[in-house]
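Per-entry structural report
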Amino acid sequence: MMKFHISTFGCQMNEHDTEKIIWVLEKIGYYQTENRHEADLIIFNTCAVRKTAEDRVFGQLGELQELKRRNPDLIIAVCGCLMQKDDIREYFLSKHKHIDIVFGTNNIHKLPQLIDRHLRTNEKIVDVIEDTREISENIDSNRKYSYKAFVDIMYGCNNFCSYCIVPYTRGRERSREPESIVREVENLAKTGCKEVTLLGQNVNSYGKTLDNKISFSQLLSLLNDIDGIERIRFMTSHPKDFSDDLIDAYKNLEKLCNHLHLPVQSGSNRILKLMNRQYTKEQYLEKIYKIRELIPEITITTDIIVGFPGETEQDFLETLDLVEKAKFDSAFTFLYSIREGTNAAKMSDQVPDDVKHDRFQRLLDTLYPIGLESNRKLLNSIQKVLVEETSKTDDNILSGRTESNKLVHFLGNKNLIGEIVNIKINNVKTFTLEGEIV
Ligand code: SAH
Ligand code: SF4
Ligand code: F3S
């Protein structure tokens, strides 16, 4: 009985790719183990978006050297975004000679062949497909949860934001056929799935690469009709392509959850231009004001980068001003990280680390009270919550998410996992809500 252990870094796309890898491996008789030390095959599904993500994988791979020395039959495989970049892949292979198999984000379906080849020849196998036009529709996923699921609707990205490595690791944008997405979601509904999260780097441009053009909101409408599915979410939307028909979708499609993740990155028009984001602070805020007016209960979250090359104190103050005006419910905040090969990496005036850290802290100090204030509005309200899991320390404490994607803790029986229950909110914190089943 062969066992594998997989570690996943990065975003939901990688998490979902891991579910596909697990499916592929279980099909050829491998079993998953949570214990790296008893595995015959160890896989790292890697992320390249920031240097810290790269360094973590690099360090952990180094630690495997000892395991490999004790068990020379152990197979070590590395895949994901880092391996799609030639320079990074070569560096990893030159420093970590114990890597046996490398594969990319586009050839997960070939993994059984690669393992077989390695076992037969005992050679190092490197198989990364650069041609990203092909979409592999012939693999399924072994999903982590039965009641919620990630569904890819498109791959790649054409936006080339100047700081971002994703277009170089995930290739050009291409959409899946709507029929195939609908079929996948129908099958999920049949097996008890209640919530789907549609994945794409820029879901607003869904359908543009298909022969029979279809818009993202039309796709949402098709999925809204599927019996059994109760919640539809999506990640991620790009402000430049966020249009009125999506606001209409929030209004008209009862299953589309009232949560919008709309990464803004910066509040300075000068920096937004250097980032190649193709919208201004004013245009962004106009979209936020409009959607808040039409869908008052919506939760809006964002991504913000501090310390982009050339960012001045004045630029940063523009970001704080935007945060105050947009009143984000929460935000993912990042220190700018140089990614070789991107345009921003060539910019000369990199911001010193201490300035970046100082701005980062001031950004959090601005965001947190706004988030808490928004949570306070939910005090004493009754929220529909999809029960997701028990707390790590106490089986009687459950957690789940509101339609607006806020995390709630409450007491209850773990049989409720996967159910949607009504929770009265009786305490709020900056990041979580607390309540009771009613
Ligand atoms: N496609 C998504 C985001 C993908 S990456 C989108 O466009 O919204 C997730 C987030 O990582 C980005 O929104 C950005 O805020 C951050 N990020 C990307 N590259 C970065 C870099 N070089 N340094 C710091 N943060 C970065
Ligand atoms: Fe990166 Fe921009 Fe594409 Fe998002 S839209 S993946 S930030 S290049
Ligand atoms: Fe995701 Fe990281 Fe790749 S954020 S797309 S896993 S570079």
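Residues numbered from 1 in each chain as written. Chains lettered and ligands numbered in written order. Predicted model: local features only at pLDDT ≥ 70, side-chain atom pairs only at ≥ 80, totals over all residues. Heavy atoms only, no water.

Brief notes about the overall build of the protein
Within the protein, the regular secondary structure consists of twelve helices and 19 strands. For the protein, the C-alpha radius of gyration of 22 Å lies close to 22 Å, the compact-globule estimate for 438 residues. For the protein, the spread of C-alpha atoms along the principal axes amounts to about 65 × 55 × 50 Å. With 438 residues in all, the protein has 55% of them scored as buried. (Helix = DSSP H or I, 4+ residues; strand = E, 2+ residues; numbered from the N terminus. Rg over C-alpha atoms; globule rule 2.2 N^0.38 Å. Buried < 20%, exposed > 50% of the residue type's maximum accessible area, 1.4 Å probe, protein only.)

Focus: helix α3 (residues 86-95)
Looking only at α3, the buried set comprises Ile88, Arg89, Phe92 and Leu93. Projection of α3 onto a plane perpendicular to its axis shows the buried side chains occupying an angular sector of 130°, all on one side. (Arc of directions from axis to C-beta.)

Observations concerning the domain arrangement of the protein
For the protein, the assigned domains are domain 1 (3-129), domain 2 (134-376) and domain 3 (382-437). When each unit is reduced to the centre of its C-alpha atoms, the spacing between domain 2 and domain 3 is 25 Å. With 18 residues of domain 2 at the contact, the number on the domain 3 side is 22 residues. Summed over both sides, the interface between domain 2 and domain 3 buries roughly 1600 Å², with carbon and sulfur atoms accounting for 51% of that surface. Among the residues domain 2 hides against domain 3, the three largest losses belong to Tyr147, Arg231 and Asn375. Together they make up 39% of the total. Along the contact surface separating domain 2 from domain 3 lie two salt bridges. For Lys148, the salt bridge identified is with Glu388, shortest N-O distance 3.1 Å. Here domain 2 is connected to domain 3 by 14 residue pairs in polar contact (both at pLDDT 80 or more). Elements supplying a minimum of two residues to the side of domain 2 that touches domain 3: β11 (231-235) and α12 (353-376). The element contributing the most residues to the side of domain 2 that touches domain 3 is α12, with five residues. Within the side of domain 2 that touches domain 3, the residues separate by chemical class into five nonpolar, five polar and eight charged. (Domains from an automatic or database assignment. Contact = heavy atoms within 4.5 Å. Buried area = accessible area lost by both parts, 1.4 Å probe. Salt bridge = Lys/Arg side-chain N within 4 Å of Asp/Glu carboxyl O. Polar contact = N/O pair within 3.5 Å; in protein donor to acceptor, adjacent residues only side chain to side chain. Nonpolar A, V, L, I, M, F, W, Y, C, P; charged D, E, K, R; others polar.)

Section: the side chain of Glu388
Along the chain, Glu388 turns up in strand β15 (residues 382-390). In this view, Glu388 contacts Tyr147, Lys148, Ser399, Gly400, Arg401 and Ile417; residues no more than four positions away in its chain are not counted.

Notes on the sheet that holds strand β14 (residues 330-335)
Taking strand neighbours across the sheet as the criterion, the three strands line up as β12-β13-β14 in an open arrangement whose pairing is parallel. Bordering the open sheet on either side are β12 (259-261) and β14, each of which pairs with just one other strand. Direction aside, the axes of adjacent strands within the sheet are offset by 15° on average. Sheet analysis places strand β13 (residues 299-306) next to β14, joined by six bridges and oriented parallel. Each residue of the ladder has a partner; that of Thr301, found in β14, is Ser330. Running over the sheet, α12 touches β13 and β14 and is turned about 175° from β14. (Pairing = 2+ DSSP bridges. Axes fitted to C-alpha atoms, helices over the stretch in contact; angles between N-to-C directions.)

What to know about the site of ligand 1
In the vicinity of ligand 1, 15 residues are found, and the nearest of them are Gln201, Pro263, Gln265, Asp303 and Ser337. Here an oxygen atom of ligand 1 and a side-chain polar atom of Asp303 are 2.6 Å apart. Calculation on ligand 1 without its partners gives an accessible area of 540 Å², and the protein chains cover 90% of this total. Counting only elements with at least two residues in the shell around ligand 1, the list comes to β13 and β14. (Near = heavy atom within 4 Å. Areas by Shrake-Rupley, 256 points an atom, 1.4 Å probe, with all protein chains shown as cover.)

Here's the deal with unusual backbone geometry
Working note: non-glycine residues mostly have negative phi, and peptide bonds are mostly trans. The residue after Met235, namely Thr236, is reached through a cis peptide bond having omega 0°. Inspection of the secondary structure puts Thr236 in the loop between β11 and α8 (244-252). We note that Gln265 has phi near 75°; this positive angle belongs to a residue other than glycine. Positive phi is not limited to glycine here, since Asn405 has a value of about 75°. If you trace the backbone, Asn405 turns up in the loop between β16 (397-402) and β17 (407-411). On the basis of relative accessible area, Asn405 is assigned to the partly exposed category, the value being 24%.

A closer look at the environment of Thr302
Note on placement: Thr302 falls in strand β13. The sequence separation of Thr302 and Leu262 amounts to 40 residues, and the corresponding C-alpha distance is 5.1 Å.

Things to note about the site of ligand 2
The environment of ligand 2 is made up of Cys157, Asn159, Phe160, Cys161, Tyr163, Cys164, Val166, Pro167, Gln201, His238 and Arg277. When grouped by side-chain class, the residues that make up the shell around ligand 2 number seven nonpolar, three polar and one charged.

Quick look at α12
Under the 1.5 Å per step criterion, the end-to-end length of α12 is 35 Å for 24 residues, consistent within 8% with the ideal 34 Å. Buried within α12 we find Lys356, Arg359, Phe360, Leu363, Leu364, Thr366, Leu367, Ile370, Gly371, Ser374 and Asn375. Packing partners of the buried residues in α12 comprise β13, α11 (313-326), β14, β18 (420-428) and β19 (432-437). (Expected span 1.5 Å × (residues − 1).)

Remarks on the packing of helix α1 (residues 12-27) against helix α4 (residues 111-121)
Closest axis-to-axis distance for the α1/α4 pair is 9 Å, and the angle between their directions is 55°. Taken together, α1 and α4 sit at an angle that is classed as oblique. Each of Ile21, Val24 and Leu25 in α1 lies in contact with α4, whose residues at this interface are Leu111, Pro112 and Ile115. Of the residues in the contact of α1 with α4, the class split is six nonpolar, no polar and no charged. (Parallel < 35°, antiparallel > 145°, perpendicular 65-115°, else oblique.)

Overview of the nonpolar core
Counting 56 residues, the largest nonpolar core has Leu198 and Phe216 as its most contacted members. If you look at the next biggest cluster of nonpolar residues, it comprises 24 residues, including Ile42, Phe44, Val57 and Leu67. (Core = buried A, V, L, I, M, F, W, Y, C linked by side-chain atoms within 4.5 Å.)

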